[in-house]
There are 2 protein chains.
Amino acid sequence: MKRVAILGSTGSIGVQALDVVGRFPDRFEVVGLAAGRNAPRLLEQIRRFRPRVVSVCDEAAARAVRAEAPPGTEVLSGEAGAVAVASHPDAAFVLAAISGGAGLRSTAAAIEAGKPVGLANKESMVLAGELLMARAAAKGVAILPVDSEHSAIHQSLVGHNRGEVRRLILTASGGPLRCTPAAELAAVTPERALKHPNWSMGDKITIDSATLMNKGLEVIEARWLFGVEQQRIDIVVHPESVVHSMVEYVDGSIVAQLGISDMRGPISYAMGHPERMPLDLPPLDLGRLGKLTFEPPDPARFPAYTLAYRALELGGTAPAVLSGADEAAVAAFLARRCSFTQIADVCADVLEAHVVEPVRSVEQALAASEHGRREAEKRVGALAHAPAGR
Amino acid sequence: MKRVAILGSTGSIGVQALDVVGRFPDRFEVVGLAAGRNAPRLLEQIRRFRPRVVSVCDEAAARAVRAEAPPGTEVLSGEAGAVAVASHPDAAFVLAAISGGAGLRSTAAAIEAGKPVGLANKESMVLAGELLMARAAAKGVAILPVDSEHSAIHQSLVGHNRGEVRRLILTASGGPLRCTPAAELAAVTPERALKHPNWSMGDKITIDSATLMNKGLEVIEARWLFGVEQQRIDIVVHPESVVHSMVEYVDGSIVAQLGISDMRGPISYAMGHPERMPLDLPPLDLGRLGKLTFEPPDPARFPAYTLAYRALELGGTAPAVLSGADEAAVAAFLARRCSFTQIADVCADVLEAHVVEPVRSVEQALAASEHGRREAEKRVGALAHAPAGR
């Protein structure tokens, strides 16, 4: 029986993680849940999984949950609450699935408490990957990726010699605008950019998928998770999203992980590790699928991913600044305050203007991200260009 | 420094293995070579790699080699010679690359002598897989596959739990007749069937590739090499031969190995194991390649592979009989004594008429194969049908 805490339990990953838990009641026990504002869904989860402790975004939401939760359920709130869930003494595994920079402190708390972490919170690695990996190493804590790409790389690395890796190859769906000509990109509306072909995800990550910034952030994540420098991390566009990612070894051999597009695969892999669970998902039938296609990414139309390489080159706080700038720029695009192509422009401006410092603490990483956000906001405010969709 | 013996050194696999040895002179030393009739090529190899012992097919060839070999080179002959090379006390690794049933005794000798074996001789597993794997287990000997498909499966299994394998998926190029309509198959000439799209191999294996019998024999090989029953071994046709094979796990996740079509990949993987060697081969560039296609195999046009499943179901000597029958039928097809479609017909007849016995010795496996060959010969002789190309 593995006792788990799930941070971000009412989000997409959290809900699917609890689906996995529900399928294997003899393997998992839910010790704690941390959610945001969705009290009704959290209450359902509390009734079904009976955690000892839960946390919500603020005290008002906590009061609402306390009023209806079964007696004996400890209800906390705020970031301190999420941190308490993450470091609960009874938790033997923490799934870190709070999205955005908001997930960083609780991820860090789980590591400091010596808990193995299933990491679905990309920003933890983007903002403070080097720091967190050093802390995890010091604590002897395993960090198991939950992103489908990084889970694929993990599955393609186990049993092989790390010293023999030539490069990591992240696959990218190419997003909803993969075939859109360069001339049309500036006029793309949020509605169009939100139509992801393969994965149903939140708005921020779907736009990041359309700009390929998401793939850039995954390059940063891979750089720290697997200790492979960015010069040896490549991206290949693969619209079917069947090959989830690959590792090339020094002899030219490539090991890849393939599967259907269902996040319960990587979630259950991380949760069950080192055991796999017999998920009752439809098998991947390549014979029926017929074909898999691949193409190089196009930096002329989708320059955002190249900024991630640049941020890694700059080092220190640069990836955090880029991440914050992207959050603000994507929000501005969704609010029709900037155009699709201006997302990358704004991020590039902020990144190049930033004076890099080493990341010595989680607080500093968060401050750098916040700085990036503010700087991007400023630039969006100053845009002369009439944005699309107005 | 790994001391190696190479059985079948003048054949395609042997030559490529020596190419690998030549690239890494600080890693490998050639202790012994066993060849057939190609004395000139063997002499070149002797001069370059300075083995202590070599063997050729017969005493006449041995005399020719002795006359020109550098002093101190021991020159043996016949199967006893190959067996002596395979079990040479100084060899720490044996590459078994003699083709056909002729390779079985020397493979078995290497195992009995406790040498790790790189297995390129498919027939060893087809004729006596259960027996040899039991002997290898008893001797604590590793058998490392050199077929690209089985090497891919090996690379997709390392580090994962064997108990969590749901199925093995062997890829098949589909061979030169993949798109040939059923009605045209009976009239296919040896010339046409010998045009393999991806691999340059010997005639027998190229015809086996056209009938898909080769894939069936690989199913038998996989069944014993990896201890997975045939019900859980699938075939998918993949004309590009880029995905070399795959393993599906209980959670639906598929791990695959990909690479260019160059046998030096799997050869060096087996020879270097557990280390990979930095081969200077062109990398696989999926972005440039563009697409990979897959289709189910067609048992109506290519029934030969289904006979391998049937032979495993029958058990005991049945796979050996099938292998022998196929050798004779392919030879008859190449000699225009039977049609392309009659290869599978003859094999099916021989297989179903065979009275199965357990395989208790290498001799018995060889006798069963010889029996299959004779029975197939008889049936070819009795064919009323006017074969193609006459």
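Starting afresh in each chain, residues are numbered from 1 along the sequence in its written order. Chains carry letters from A onward and ligands carry numbers from 1 onward, assigned in written order. Thresholds applied to this predicted model are a pLDDT of at least 70 for local features of residues and 80 or more for the giving and counting of side-chain atom pairs; totals over whole chains, interfaces and linings are not thresholded and use all residues. Based on all heavy atoms of the structure, the side-chain values leave hydrogens and waters out of the count.

Asker: I keep staring at the overall build of chain A and nothing clicks. Help me out?
Answerer: Helices and strands together make up the secondary structure of chain A, namely 17 helices and 12 strands. Of all 390 residues assigned to chain A, the portion counted as buried reaches 60%. Two residues qualify as a contact provided that any one of their heavy atoms is within 4.5 Å of a heavy atom in the partner residue. Long-range contacts, defined here as pairs at least 24 residues apart, represent 69% of the contacts in chain A between residues at least 6 apart. Note that accessible areas follow from Shrake-Rupley with a 1.4 Å probe, and for residues the cover is restricted to the protein chains shown. Looking at chain A as shown, the accessible area adds up to about 14300 Å², and 52% of this sits on carbon and sulfur atoms. Between the centroid of the 41 positive side chains of chain A and the centroid of its 44 negative side chains there is a distance of 3 Å. Elements are defined by DSSP. Helices are runs of H or I of four residues or more, strands are runs of E of two residues or more, and each kind is numbered from the N terminus. When accessible area is computed with a 1.4 Å probe and restricted to protein chains, residues below 20% of their type maximum are described as buried, those above 50% as exposed, and intermediate ones as partly exposed. For the purpose of charge, His is not counted, nor are the chain termini; Lys and Arg are scored as positive and Asp and Glu as negative. Here the site of a charge means atom NZ of a Lys, CZ of an Arg, CG of an Asp or CD of a Glu.

Asker: What am I meant to see in the pattern of salt bridges here?
Answerer: In a structure, side chains of opposite charge can pair up when their charged atoms sit close to one another. All names here are of chain A. Salt bridges are defined by distance alone: a side-chain nitrogen of Lys or Arg within 4 Å of a carboxyl oxygen of Asp or Glu. In this structure the tally under the stated criterion is 71 salt bridges over all chains. A salt bridge links Glu-184 to Arg-192; its shortest N-O distance comes to 3.9 Å. Through salt bridges with shared partners, a single network forms among Lys-122, Asp-147, Glu-149, Lys-215 and Glu-218.

Asker: I tried to follow unusual backbone geometry on my own but got confused; where do I start?
Answerer: Excluding glycine, residues mostly carry a negative phi; peptide bonds, for their part, are mostly trans. In the segment running from A:His273 into A:Pro274, the intervening peptide bond is cis, with an omega of 5°. In this model, A:Leu212 sits at a positive phi of 70°, which is unusual for a non-glycine residue. Tracing the chain through its elements places A:Leu212 in the loop between α10 (203–211) and α11 (213–225). For A:Leu212, a relative accessible area of 3% gives the class buried. Of note, the phi angle at B:Arg336 is positive, near 60°, even though the residue is not glycine.

Asker: Looking at this model, I keep getting lost on the relation of the copies chain B and chain A. Mind explaining?
Answerer: One copy of the chain maps onto the second through a rotation about an axis and a displacement along it. The two copies are related by a screw motion: chain B maps onto chain A through a turn of 180° and a shift of 0.0 Å along the axis, at an RMSD of 0.0 Å. Taken together, the turn and the small shift mark the pair as related by a two-fold rotation axis. Closest approach to the rotation axis among the C-alpha atoms of chain B is made by B:Gly159, whose C-alpha sits 1.8 Å away. A share of 100% of interface residues in chain B that are also interface residues in chain A marks the association as one of identical surfaces. A residue counts toward the fit only if its pLDDT is at least 70 in both copies, and the copies are then superposed by least squares on the C-alpha atoms of those residues.

Asker: For this particular structure, what's the right way to read the interface of chain B and chain A?
Answerer: Many authors give the size of an interface as the accessible area that is lost as the parts come together. Each partner contributes to the interface: chain B provides 39 residues, whereas chain A provides 39 residues. Using a 1.4 Å probe, buried area is obtained as the accessible area two parts lose upon being combined, added over both of them. Of the roughly 3200 Å² buried between chain B and chain A, counting both surfaces, carbon and sulfur atoms make up 52%. For chain B, the biggest contributors to the area lost against chain A are B:Asp251, B:Arg276 and B:Phe294; these three give 21% of the whole. The interface formed by chain B and chain A holds two salt bridges in total. Of the charged contacts in the structure, one is a salt bridge between B:Arg276 and A:Asp251, with a shortest N-O distance of 2.9 Å. Whenever two N or O atoms come within 3.5 Å, that pair is a polar contact, provided that in protein one can donate a hydrogen and the other can accept it, and provided that, for residues adjacent in sequence, both atoms are side-chain atoms. Applying the counting criterion to the chain B and chain A interface returns 20 residue pairs in polar contact (both at pLDDT 80 or more).

Asker: When you look at the pairing of strand β1 (residues 2–7) of chain B in this model, what are you seeing that I'm missing?
Answerer: In the case of a regular strand, side chains alternate between the two sheet surfaces. Residue and element names in this part refer to chain B. Pairing between two strands requires that DSSP report at least two bridges joining them. Where β1 meets strand β2 (residues 28–34), six bridges bridge the pair, whose relative direction is parallel. Of the residues in β2, the one forming a bridge with Ile-6 is Leu-33. Here a crossover is taken to be right-handed if, once the strands point away from the viewer, the path from the first strand over the helix to the second is traced clockwise. In this view, the connection linking β1 to its parallel neighbour β2 by way of helix α1 (residues 12–23) has right-handed handedness. Across four bridges, the pairing between β1 and strand β5 (residues 93–96) is parallel. In the sheet register, Leu-7 faces β5, and the bridge partner there is Ala-96.

Asker: Help me out: how do you make sense of the confidence of the model for chain A in this one?
Answerer: Do not read the fine detail of predicted coordinates wherever pLDDT is low. Of the residues in chain A, 98% reach a pLDDT of 70 or more, and the chain-wide mean stands at 96. Among the prediction metrics, the complex's ipTM stands at 0.96, with pTM recorded as 0.96. A score from 0 to 100, pLDDT tells how confident the predictor is in each residue.

Asker: Could you clarify how one ought to interpret the nonpolar core in this entry?
Answerer: Note that soluble globular proteins tend to have their nonpolar side chains buried in a common cluster. Nonpolar cores were defined as sets of buried Ala, Val, Leu, Ile, Met, Phe, Trp, Tyr and Cys residues, with membership established by side-chain atoms within 4.5 Å. Ranked by internal contacts, the top residues of the largest apolar core, which has 173 residues, are A:Leu168, A:Phe340, B:Leu168 and B:Phe340. Ignoring any residue separated from it by four or fewer positions in sequence, one finds A:Phe340 in contact with A:Leu177, A:Leu185, A:Ala186, A:Val188, A:Ala193, A:Ala210, A:Thr211, A:Phe302 and A:Phe333.

Asker: It is not clear to me how the state of the cysteines should be interpreted in this structure. Could you clarify?
Answerer: A covalent bond between the sulfur atoms of two cysteines is what we call a disulfide. All names here are of chain B. Pairs of cysteine sulfur atoms within 2.5 Å are identified as disulfides in what follows. According to the stated counting rule, one finds zero disulfides over all chains in the structure shown. Here Cys-338 stays unpaired: no disulfide links it, and the sulfur of Cys-347, its closest cysteine neighbor, is 8.8 Å away. Under the relative-accessibility criterion, Cys-338 is labelled buried at 1%.

Asker: Mind showing me how you'd approach the domain arrangement of chain A here?
Answerer: Residues and elements named next belong to chain A. An automatic or database domain assignment provides the domain bounds reported here. For chain A, the domain assignment lists domain 1 (2–146) and domain 2 (150–381). Each of domain 1 and domain 2 has a C-alpha centre, and the two are 23 Å apart. Listed per partner, the contact involves 35 residues of domain 1 and 42 residues of domain 2. Contact between domain 1 and domain 2 buries roughly 3300 Å² in total, counting both sides, with carbon and sulfur atoms accounting for 69%. Two residues, Glu-363 and Arg-105, come together in a salt bridge whose shortest N-O distance is 2.7 Å. Elements represented by at least two residues in the side of domain 1 that touches domain 2 include exactly β1 (2–7), α1 (12–23), α5 (104–112), β6 (117–119), α6 (122–139) and β7 (143–145). Of the residues belonging to the side of domain 1 that touches domain 2, the class tally is 22 nonpolar, five polar and eight charged. Throughout, the ten residues Ala, Val, Leu, Ile, Met, Phe, Trp, Tyr, Cys and Pro are labelled nonpolar, Asp, Glu, Lys and Arg are labelled charged, and all others, Gly among them, are labelled polar.

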